[in-house]
Amino acid sequence: MFVDQAKIYIKAGDGGDGAVSFHREKYVAAGGPDGGDGGKGGDIIFKVDDNISNLIDFRYKKKYVAEKGQNGGAKNSYGRSAPDLLIKVPRGTVIKDADTGRILADMSSDEPVTVAHGGKGGRGNAHFATSTRQIPRFAKPGFRGEEFNIRLELKLLADVGLVGFPNVGKSTLISVVSAAKPKIANYHFTTLVPVLGVVKVGEERSFVMADIPGLIEGASEGIGLGHEFLRHVERCRLIVHVVDVSGIEGRDPIEDFEAINKELANFSEELAAAPQIVAANKTDMATPEQIARFKEYIEKQELPYYEISAATTKGTQELIYGINEKLAELPPVKRFEAQPLTREEVERKNTNNREFSITVEDGVYFVEADWLYDILRVADMDDYSSLQYFQNVLVSSGIIRKLEAMGIQEGDTVAVFDFEFEYIP
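Because the structure is a prediction, the values reported are computed rather than measured.

## Section: the overall build of the protein chain
Next up, step 1: Helix and strand content of the protein chain: nine helices and 18 strands.
Next up, step 2: Within the protein chain, buried positions represent 48% of all 425 residues.
Next up, step 3: Contacts in the protein chain between residues far apart in sequence, at least 24 positions, make up 72% of those at least 6 positions apart.
Next up, step 4: Carbon and sulfur atoms make up 48% of the accessible area of the protein chain, which amounts to about 21,300 Å² in all.

## Details of the sheet that holds strand 10 (residues 195-200)
Next up, step 1: Read from one edge of the open sheet, six strands run 10-11-9-12-13-14, paired in mixed fashion. The strands lining the two open edges of the sheet, one partner per strand, are strand 10 and strand 14 (305-307). On average, each strand axis in the sheet is inclined to that of its neighbour by 25°, with strand direction left out of account.
Next up, step 2: Strands strand 9 (160-163), strand 12 (238-244) and strand 13 (276-281) of the sheet are contacted by helix 2 (residues 253-267), whose axis makes an angle of about 145° with strand 12.
Next up, step 3: The sheet strands contacting helix 5 (residues 316-327) are strand 9, strand 10, strand 11 (206-211), strand 12, strand 13 and strand 14, and the helix crosses strand 11 at an angle near 110°.

## Regarding the environment of Asn125
Next up, step 1: Within the secondary structure, Asn125 sits in the loop between strand 7 (113-116) and strand 8 (147-154).
Next up, step 2: Asn125 gets classed as buried once you look at its relative accessible area, which sits at 0%.
Next up, step 3: Note: C-alpha distance between Asn125 and Gly36 (89 residues apart in sequence) is 7.3 Å.
Next up, step 4: Other than its neighbours up to four places away in sequence, Asn125 contacts Ala19, Val20, Ser21, Phe22, Pro33, Asp34, Gly35, Pro136, Phe138 and Ala139.

## A short note on the side chain of Ser397
Next up, step 1: One can find Ser397 in the loop between helix 8 (384-396) and helix 9 (399-405).
Next up, step 2: The buried category is assigned to Ser397, whose relative accessible area is 13%.
Next up, step 3: In this structure, Ser397 is in contact with Arg354, Phe356 and Trp371, ignoring residues within four places of it in sequence.

## As for the sheet that holds strand 2 (residues 44-48)
Next up, step 1: Read from one edge of the open sheet, three strands run 4-2-7, paired in mixed fashion. The sheet is open, and its two borders are formed by strand 4 (85-89) and strand 7, each paired with just one other strand. Each neighbouring strand pair of the sheet contributes to a mean axis angle of 35°, computed without reference to strand direction.
Next up, step 2: Here three bridges tie strand 2 to strand 7, and the two strands are oriented antiparallel to one another. The residue of strand 7 that forms the bridge with Ile45 is Thr114.

## A word on the packing of aromatic side chains
Next up, step 1: Within this structure, the stated rule accounts for five aromatic pairs.
Next up, step 2: Ring plane angle 85° and centroid distance 5.9 Å describe the contact between Phe257 and Tyr297, whose orientation is recorded as edge-to-face. Of this pair, Phe257 sits in helix 2 while Tyr297 sits in helix 4 (residues 288-300), and the two are 40 residues apart along the sequence. The same class applies to Phe257 and to Tyr297, which are both buried.
Next up, step 3: Through a chain of ring-to-ring contacts, three or more aromatic side chains come together here, namely Phe390, Phe419 and Phe421.

## A short note on the pairing of strand 15 (residues 357-361)
Next up, step 1: Relative to strand 16 (residues 364-368), strand 15 runs antiparallel, the two being bridged by five bridges. Residue pairing in the sheet places Ser357 in a bridge with Glu368 of strand 16.
Next up, step 2: The loop that links strand 15 with its antiparallel partner strand 16 comprises two residues; one of these, Asp362, has a positive phi angle of about 50°.

## Description of the packing of helix 2 against helix 4
Next up, step 1: Look at helix 2 against helix 4: their axes get within 10 Å of each other, and the N-to-C directions meet at 35°. Residue-level contacts link Pro253, Ile254, Phe257 and Glu258 of helix 2 to Arg293, Phe294, Tyr297 and Ile298 of helix 4.
Next up, step 2: A class-by-class count of the residues in the contact of helix 2 with helix 4 yields six nonpolar, no polar and two charged.

## Here's the deal with the side chain of Glu146
Next up, step 1: With respect to the secondary-structure elements, Glu146 resides in the loop between strand 7 and strand 8.
Next up, step 2: With relative accessibility at 11%, the residue Glu146 sits in the buried group.
Next up, step 3: Within the local environment of Glu146, its side chain forms a polar contact with the backbone nitrogen of His117, the two atoms lying 2.8 Å apart.

Cut-offs used in this document
Going along each chain's sequence as written, the residues are numbered from 1 onward. The model is predicted, so local features are restricted to residues of pLDDT at least 70 and side-chain atom pairs to those at 80 or more, both for listing and for counting; the totals for chains, interfaces and linings are taken over all residues. Side-chain calculation: all heavy atoms of the structure are included, whereas hydrogens and water are not. Secondary structure counts use DSSP, requiring at least four H or I residues in a row for a helix and at least two E residues in a row for a strand, with both numbered from the N terminus. Burial classification: accessible surface area is computed with a 1.4 Å probe over protein chains only, and a residue below 20% of its type maximum counts as buried, one above 50% as exposed, and the rest as partly exposed. We call two residues in contact whenever any of their non-hydrogen atoms come within 4.5 Å of each other. Computed with the Shrake-Rupley method and a 1.4 Å probe, the accessible areas treat only the protein chains shown as cover for residues. A pair of strands is treated as paired once DSSP finds two or more bridges between them. Working convention: axes come from line fits to C-alpha atoms, limited for helices to the stretch in contact. Angles between N-to-C directions cover 0 to 180 degrees. In this scheme Phe, Tyr and Trp rings, the latter by its six-membered ring, pair at centre separations within 6.5 Å, and the angle between planes marks the pair as stacked below 30 degrees, edge-to-face above 60, and tilted otherwise. Note that Gly is not counted as nonpolar here; it falls among the polar residues with everything else outside the nonpolar set of Ala, Val, Leu, Ile, Met, Phe, Trp, Tyr, Cys and Pro and the charged set of Asp, Glu, Lys and Arg. For the purposes of these results, a polar contact is taken to be a pair of N or O atoms within 3.5 Å, where, inside protein, one atom must be able to donate a hydrogen and its partner to accept one; residues adjacent in sequence count only when each atom of the pair is a side-chain atom.

Written out as C-alpha cells, the structure is:
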C-alpha cells in the first residue's frame, strides 16, 4: 500500500521540576538552599531515511511523546535531560501544523529537523535566595514541551514529472529511459502509485523522472486517481506532457492537452506556470495528418515539441537530450520553507483561552498562564516594541488588574515563567 498522507500527534517532553532542598552537613551552619534545576524535556526530531518509501507506518502509530526531563535534586544536583525522540520519514516529506496549515519543516535534505522543542527544566530554590529572602521554600515546575497535531505530506523529489491521461504511454516511456519497472498494460489506471526512475544522460549527468498516475478531467476536484497524486508534481522542475497523438482511444489529442493543463491550473497556479515539454507519443500508430495537426497546435503554444514512440523507443533519446538541456536552465528542485509563528498568530491562537492564576511566595508574584508561554517565546525583552507588546498583553488579559487587586506595590517582583520584572505602576 502506498500512503503519502498521514496525521499524527507529537509532544515534546516537559521539563523536570526544580527541587526544594536545604544544605545540611555536620559542622556547616546555615547551609542555605541547594535545590537543583530540573532537566530539559526531550525534543522531537525528524530525519530522512531513504530506506522508507512512504508514510504507511504512520497509519498504525499516531501518537509520539518524548520523555520528561528528570527532576532536580539536593546539593544543587541538576536533573538529567531526557533523550530526544527521533522520527524517520521518507525524503520529500513536508510537515505541516494540521490545525493552521503552517509549514513546520521540509524533509528534503539529510539534516535532522527539530519540530517540537522540549521544555526547559524548572529552577530549584537555590535560584530564589536573596539578601532579604534567605530561605525560599519554593521551586518552579518545568516548562511544557511543544505539542502539535501535524500532517505529513509526501511530495516526491523529482526533476521531471510525466503527466497525461491514462494509457497514453507514460509508464512505457519511463521504463525505456530508466531502470524503473512500472506495471504496463493496455487498460486505464494501470499505474496506481507514483513511480520514480533515474535517467542517465552521460557519465556524470542524470536526472530523476516521476511517472504520475493518470489524470482525468475533474481530477483537481477529486475525480479519478490523479487528484491523489497531483501534489507530487509540485516540486518538479519540468513537466513532460505526454499525449496520445494517434487518438486510438477515441479522444482528441488537442482536447486532452487542454484538459490536463486545466486540471494543473485548478490545482495550483504555480504548477500551471511551470516549464513544460510536449511529447507526442504513439506516432507509430498515428497518421501523418494527425501528427501535423497536433504539431501545428503545439507550435502555436510556443512549447518544445518532440515526436516519439515509447513502445519502439523512436525519438526517446532526442526527448531525453531535450529534457536535459532544459533542466540546465532551470533552478533546483523546489524546497518548502518553514513558516515561523508570528506574534499576531500567537495572540490570536490564545484569544479564547486566557485563564491565569497568581500566587505569592515570599513577596514574589508568580503568574501561571499556559498561553503566555508561546507569547514569551516570540517576544524579545531587549527590544522596546516587543516589551511594550508584552506589557499590553498583561493589561488586556486582566493580569495587571488582578495584581493590583492583590495589593502589589511598586518595586515588587513579578515572575512569568523564567522572566522576572519589577512592578512599576
